[in-house]
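# Coordinates in review
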2 protein chains.
Amino acid sequence: MNLLSSKHLAFYGYRSILWFLFLLLSAVADARSTDPLPSWNSGLSKSAIMQFVKDVTRKGGSDFVPPAERIATFDNDGTLWCEQPMTVQLVFALDRVKAVAPEHPEWKHTEPFKSILANDMKGVMATGEHGLVELIMTTHTGMTVEEFNQIAKYWLTQSKHPKFNRPYTELVYQPMLELLSYLRANGFKTYVVSGGGIEFMRPWTEKVYGIPPEQVIGSSIKMKYELVDGKPVLMRLPEIDFVDDKDGKPVGIQKFIGRRPIAAFGNSDGDLQMLQWTTATNAPHFALLVHHTDAEREYAYDRDSSIGRLDKALDEARQKSWTVVDMKKDWKRVFPLEKP
Amino acid sequence: MNLLSSKHLAFYGYRSILWFLFLLLSAVADARSTDPLPSWNSGLSKSAIMQFVKDVTRKGGSDFVPPAERIATFDNDGTLWCEQPMTVQLVFALDRVKAVAPEHPEWKHTEPFKSILANDMKGVMATGEHGLVELIMTTHTGMTVEEFNQIAKYWLTQSKHPKFNRPYTELVYQPMLELLSYLRANGFKTYVVSGGGIEFMRPWTEKVYGIPPEQVIGSSIKMKYELVDGKPVLMRLPEIDFVDDKDGKPVGIQKFIGRRPIAAFGNSDGDLQMLQWTTATNAPHFALLVHHTDAEREYAYDRDSSIGRLDKALDEARQKSWTVVDMKKDWKRVFPLEKP
């Protein structure tokens, strides 16, 4: 038998090509299935994350961190979900004013309600911090915790983002969802540490982020334990308890967790102190900022934005070599609804 | 061969007795090793605990509770460790005054320090709430969180209980340690919810109770994030942030955990609201009070005690059929140091 006949060569060549294709496709499929961060493009951000996780989980390695100490904290607005063109909780507050306005005829003549009801956002902004506090207290207090959770939860099922026409809880960042899962699969405990209201987030973070209520840290109003007809309730009082933003984030972290995170993730100057606190140690640590650079798929904003301003933190990130995610370049997908 | 000869009978009889003894000893050893609460005597308290755990963990059962919702909260002073003749943290505060007195010559003339330095406890008590707040602020604030944790941790290694002559962290209740382990083995997340200072407990609860810092809730003072020589620190300010006692306990639970516990454990009127809150639901729940009835092995106190008073809560427990542990009757051992 002549194995080198042209007929045989053609036969084996054909088989070889098929075999090669099969191996190639398998390898691609394999890489896809074993890549824990499939929505992240290869690059410095992705490799920095994966190197850090590899280092702190390698037993016997110099950077090994015991699982109990693998605390990772994530800002919410702009880091895990979309915060433009307006923070979701502010949209909620404005909607609530409109929903309960019939019970408050006096609002036609008092700010910030008058401007809200007239859809005059400039007028609302003109009422300043006083108007904002008034708005939050009116819409977020005077009910029990359980009642507020129901209101917030229901509103989220009913409301849609003006640009994407999707519920807000679908406008979470797919690469960050993968990052949360990846960290948890490596023994990390993941926390939300947000300037937003703690009870506004708790009803949905478990379902959307896999983060249970007890791992959500946020701003809060005071509560009071009361017996109503002999039944205990927790009433939400119109008084600020804690502002979990900027200087407040390391305080909130110590208050709730009682130890320093080894990794922190943010996107704005409101996260700067959390990243400073996380990295001010000789122990292994990781800090990352999401830089919104994608006007097409999401929004592009940084130093001049009134919402989620990223200015000082961007400078400090560069100076201290923190990881800065270029959303446009680093993320293959932005939202889960985009097909992979 | 005659199997019924007296010689054979004696032989088999001897073997049977040995075999019987072996089985008996095995069964005893087995019962000991499989009893999750070996320091609890059989009785209503032990069976109520075990029945509850059985009910909420039985898949498909009407009282099944998913693991994520199995939250159990424990008071600390008098529930997990000895609080007599004086709350441990108060002993710590008094000791701290003596330790730093040389730096404060003015204390010779100002209360409550003058009385403390003269070992005049009646004089200290006469300074009332104002004196107590002064004492706590002076000894617990004005340093960073890390510094305070070191001070508290070191003090605990150096100090001994006046009656038992042992470190306070050895005067924890063995039956409650077993209960904590038993609940965790059944998927529960165990929390400390104490009127005591949160940062006074965190340095040692993981080692002693198996409860990590992020599952410790307690009273707190305000903290401030500061840069000292460019290095971030959390300073403890002389201002009360939150009192986690009585009405404060359900508030602290909601603030930190964000869901209602399904089981709560206390020993005094300071725990009443936590037990009310835990049991005010149609969902499965469990409430238990430790009643200190053992003057010999520990202390006997309830309605008339100034520390850990148990009066209203005892009445409500009987009225609502909560489990009341009779320490003398229900506990085989009180402290781990006693031989089993």
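Residues numbered from 1 in each chain as written. Chains lettered and ligands numbered in written order. Predicted model: local features only at pLDDT ≥ 70, side-chain atom pairs only at ≥ 80, totals over all residues. Heavy atoms only, no water.

At an RMSD of 0.2 Å, chain A and chain B line up after a rotation of 180° and a shift of 0.1 Å along the axis. Such a combination of rotation and displacement between the chain copies is what one expects of a two-fold axis. When each C-alpha of chain A is compared by its distance to the rotation axis, Phe256(A) comes out closest, at 3.3 Å. When the interface residues of chain A are mapped onto chain B, 100% of them again fall at the interface, so both copies present the same face. (Least-squares fit on C-alpha atoms with pLDDT ≥ 70 in both. Contact = heavy atoms within 4.5 Å.)

All names here are of chain B. Burial in helix α12 (residues 312-319) covers these residues: Ala 313, Leu 314, Glu 316 and Ala 317. Viewed end-on, α12 has its buried residues packed into an arc of 165°, placing them on one side of the element. Residues of α12 that are exposed and angled more than 90 degrees away from the buried face: Lys 312, Arg 318 and Gln 319. Buried-residue contacts for α12 involve α11 (272-279), β6 (286-293) and β8 (323-326). Where α12 ends, the next residue or the one after it, Ser 321, has phi of about 60°, a positive value. (Buried < 20%, exposed > 50% of the residue type's maximum accessible area, 1.4 Å probe, protein only. Helix = DSSP H or I, 4+ residues; strand = E, 2+ residues; numbered from the N terminus. Arc of directions from axis to C-beta.)

For the structure shown, the criterion picks out 35 aromatic pairs over all chains. Taken together, a centroid distance of 4.7 Å and an interplanar angle of 25° make the contact between Phe256(A) and Phe256(B) stacked. Of the two residues, Phe256(A) sits in helix α10 (residues 248-256) while Phe256(B) sits in helix α10 (residues 248-256), which places them in two different chains. Note on accessibility: Phe256(A) and Phe256(B) belong to one class, buried. Feature note: the residues Trp40(A), Phe164(A), Tyr173(A), Tyr299(A), Trp331(A) and Phe335(A) constitute an aromatic cluster, connected by ring pairs. A cation over an aromatic ring shows up here: Arg260(A) above the ring of Trp277(A), its NZ or CZ 3.9 Å from the ring centre. (Phe/Tyr/Trp six-rings, centres within 6.5 Å; stacked < 30°, edge-to-face > 60°. Lys NZ or Arg CZ within 6 Å of the ring centre and 35° of its normal.)

Put simply, Gln84(A) and Pro85(A) share a cis peptide bond, and its omega is -5°. Its location among the elements puts Pro85(A) in the loop between β1 (71-74) and α3 (88-100). For the peptide bond that leads from Glu111(B) to Pro112(B), omega is 0°, which places it in the cis range. Mapped onto the elements of the fold, Pro112(B) is located in the loop between α3 (88-100) and α4 (113-117). Even without a glycine there, the phi angle at Ser321(A) is positive, about 60°. Inspection of the secondary structure puts Ser321(A) in the loop between α12 (312-320) and β8 (323-326). The phi dihedral of Asn119(B) is positive, around 55°, even though this residue is not glycine. Turning to its location among the elements, Asn119(B) is positioned in the loop between α4 and α5 (121-126).

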